[in-house]
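# Architecture at a glance
Okay, here's what each chain looks like letter by letter:
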Amino acid sequence: MGVSHISNRSEQSQRWSRRGILAALGAVPAATLLTGCSGGSADASEGSAATASVKAATKQATISVTPAAGTTKADFSSPVEITVTDGTLASVKVAGNDGSTLAGAFNDARTKWTSSTNPFSGTKYTVTAQAEGGTAETATFTTKSPGETFVGYFTPEADSTSGVGMPVSINFSHAVSDKATVQKAITVTAEPAVDIVGHWFSDTRLDFRPETYWAAGTTITLGLRLKDVQGTDGVYGVQSKDVTFHIGREQISTVDLATKEMVVKRDGATTATYPVSGGDSDHTTWSGIMVISERFKQTRMESSTVGLGDEYDISDVPHAQRLTTSGTFVHGNYWASASVFGNQNTSHGCVGLHDAKGANDSSVAGYKFYESSMLGDVVIVKNSGEKTVEASNGLNGWNLSWADWKAGSAV
């Protein structure tokens, strides 16, 4: 009986062992499945990240140009822009076929470069740009030509020497409506330095001057940056240049038509006194400050050109120097008696000095005054019985106060 009991316990033990084994075996696949799912998720994530990394590493920076590459009639009224996507810009150069280059600047992220000025019209540009880590790329575009243009004709002439009263006067070939933009494109500077202001006399004339006459020995530089500046709708400037003028000695001559005398002062000292004859009571001479704007050793003067009919026509007026656009001159006179000068005002509005026919007699006042003068010298007329000359009648802006002069500026 004892054996049978052992035997029964052995069978029971074996049955429980099989259940334990089966239970254990049943648990293993579950554990293995969980482990397998976990392991499968990790492998997929690593593979996806690796793929994204490869794609990012192979992405190319793309450079774009505005105006678009290949454009043949590009607008010239906006800056040039170079942009890059998926990268940063290492360098940019924009060069024109006229030898010019456009300066510019990057934004903080170096993803964009913008020219500091607009491109010129009628110019082919080559853009060379390089992204960090990439190779240089090139593109070209050509700007269109402007339809209608204007220029500014300036006085005095380049490299000339003038008297202390000479303004810088610019006459435009086309009426200007955007005066502020045009004036900003023009600079006038002086050495020694002085405050210089522009004044518009009309839509076509802009003069520059300081508050008082230029100092003797001054150098003046006119900067014209009118190229592609729009003066009025559809009309653009064409000039881009610097011009230098010089101021010589100071000569100021004062004509008193009450005493019929001209006093000439050079650098403040009186150098000559001449008897003169001014306009008669029917043809009074303008009063005020006038500037010599033209000089002729001999010239024809005809009354019909100044609205006086056929009162005179003299083909060889000696030593004539223009004071107004309307026809006032200081000139030599050989047809009147020498006794007239200093005693009577008999002219049609000009200031006359005794002279000789042929303009070659160096002993007469007309010759002497002409030889001592230059363009830009100041001639002041007083006690003429006439009102002050208009500032726009010749180069005579000095007749405006400094406040009135500045009021005529557009900037």
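Keep in mind that this is a model prediction, so the values were computed, not measured. (Residues numbered from 1 in each chain as written. Predicted model: local features only at pLDDT ≥ 70, side-chain atom pairs only at ≥ 80, totals over all residues. Heavy atoms only, no water.)

## Structural notes on the overall build of the protein
- In terms of helices and strands, the protein carries four helices and 27 strands.
- When the 411 residues of the protein are sorted by exposure, 39% land in the buried category. (Helix = DSSP H or I, 4+ residues; strand = E, 2+ residues; numbered from the N terminus. Buried < 20%, exposed > 50% of the residue type's maximum accessible area, 1.4 Å probe, protein only.)

## Some points on the packing of aromatic side chains
- Summed over all chains, the structure comprises nine aromatic pairs.
- Ring geometry for Phe150 and Phe172: centres 6.0 Å apart, planes at 75°, overall edge-to-face. With Phe150 in strand β8 (residues 148–150) and Phe172 in strand β11 (residues 168–172), this residue pair connects regions lying 22 residues apart in the sequence. Grouping residues by exposure puts Phe150 and Phe172 together as buried.
- On the numbers, 6.3 Å between centres and 75° between planes, the contact of Tyr274 with Phe369 is edge-to-face. (Phe/Tyr/Trp six-rings, centres within 6.5 Å; stacked < 30°, edge-to-face > 60°.)

## A short note on the side chain of Ser347
- Along the chain, Ser347 falls in the loop between β25 (329–333) and β26 (351–354).
- Looking at Ser347, its side chain comes within polar contact range of the main-chain nitrogen of Gly349, at 3.1 Å.
- Every residue in contact with Ser347, bar those within four places of it in the chain, is listed here: Ser277, Gly278, Gly279, Asp280 and His283. (Polar contact = N/O pair within 3.5 Å; in protein donor to acceptor, adjacent residues only side chain to side chain. Contact = heavy atoms within 4.5 Å.)

## Observations concerning the confidence of the model for the protein
- Within the protein, residue pLDDT values average 89, and 86% of them lie at 70 or more.
- Overall, residues 1–42 carries pLDDT values under 50, and its contacts beyond four positions in sequence, including any with other chains, amount to zero contacts.
- Here residues 49–56 is modelled with pLDDT under 50, and outside its nearest four sequence neighbours on either side it reaches zero contacts, counting other chains as well. (pLDDT = per-residue confidence, 0-100.)

## Considering the pairing of β25
- For β25, the buried fraction is high: five of the five residues fall into the buried class.
- As judged from the two bridges shared by strand β24 (residues 313–322) and β25, these two strands associate in the antiparallel manner. Each bridged residue has a counterpart across the sheet, and for Gln321 the counterpart in β25 is Val330.
- Connecting β24 to the antiparallel partner β25 that follows it, the hairpin turn spans six residues, and Gly327 within it adopts a positive phi of roughly 120°.
- In terms of strand pairing, β25 meets β26 through four bridges, oriented parallel. Paired with His331 across the two strands is Gly352, which belongs to β26. (Pairing = 2+ DSSP bridges.)

## As for helix α3 (residues 365–372)
- Taken together, the buried positions of α3 are Ala365, Gly366, Phe369, Tyr370 and Ser372. Seen from one end, α3 has its buried residues packed into an arc of 165°, which puts them on one side. (Arc of directions from axis to C-beta.)

## Notes on the nonpolar core
- Counting residues in each nonpolar core, the largest one holds 32 residues, and the members touching the most others are Phe172, Val182, Ile186, Phe208, Leu222 and Leu226.
- Breaking this core down by element, the ones donating at least two residues are β11, β12 (186–191), β14 (205–209), β15 (219–225), β18 (240–247) and β22 (288–291).
- When near neighbours in sequence (up to four residues on either side) are disregarded, Val182 contacts Phe150, Phe172, Val176, Trp200, Leu226, Val229 and Gly231.
- Counting 18 residues, the second-largest nonpolar core is a separate cluster that includes Met262, Val264, Ala272 and Tyr274. (Core = buried A, V, L, I, M, F, W, Y, C linked by side-chain atoms within 4.5 Å.)

## Description of the pattern of salt bridges
- Under the criterion given, the structure shown has nine salt bridges.
- One salt bridge in this structure joins Arg249 and Asp377, with 2.8 Å as the shortest N-O distance. Of this pair, Arg249 sits in the loop between β18 and β19 (251–256) while Asp377 sits in the loop between α3 and β27 (378–382), and the two are 128 residues apart along the sequence. Taken as a pair, Arg249 and Asp377 share a single burial class, namely buried.
- Taking the shortest distance from any N to any O, the salt bridge between Arg322 and Glu294 comes out at 2.6 Å. With Arg322 in strand β24 and Glu294 in strand β23 (residues 294–302), this residue pair connects regions lying 28 residues apart in the sequence.
- Of the residues examined, Glu294 reaches a relative accessible area of 32% and is grouped as partly exposed. (Salt bridge = Lys/Arg side-chain N within 4 Å of Asp/Glu carboxyl O.)

## A few points about the environment of Val235
- For Val235, the position within the fold is in strand β17 (residues 235–237).
- Val235 gets classed as buried once you look at its relative accessible area, which sits at 3%.
- Through-space distance from the C-alpha of Val235 to that of Phe150 is 6.7 Å; in sequence the pair is 85 residues apart.
- Among residues more than four places away in sequence, those in contact with Val235 are Glu148, Thr149, Phe150, His174, Val229 and Gln230.

## Observations regarding the sheet that holds strand β13 (residues 197–202)
- Read from one edge of the open sheet, four strands run β9-β11-β14-β13, paired in antiparallel fashion. Every other strand in the sheet has two partners, leaving β9 (152–155) and β13 as the edge strands with one partner each. Strand-to-strand twist in this sheet, taken as the mean axis angle between neighbours without regard to direction, amounts to 20°.
- With four bridges joining them, β11 and β14 adopt antiparallel strand pairing. In the sheet register, Val168 faces β14, and the bridge partner there is Phe208. (Axes fitted to C-alpha atoms, helices over the stretch in contact; angles between N-to-C directions.)

## A word on unusual backbone geometry
- In this model, Thr66 is joined to Pro67 through a cis peptide bond whose omega is 10°.
- Structurally, Pro67 can be placed in the loop between β1 (62–66) and β2 (81–85).
- Positive phi is not limited to glycine here, since Asp86 has a value of about 60°.
- The residue Asp86 is located in the loop between β2 and β3 (89–96) in this model.
- Here the phi dihedral of Asp267 falls at roughly 50°; this positive angle occurs in a residue that is not glycine.
- Relative to the helices and strands, Asp267 is located in the loop between β20 (261–266) and β21 (269–277).

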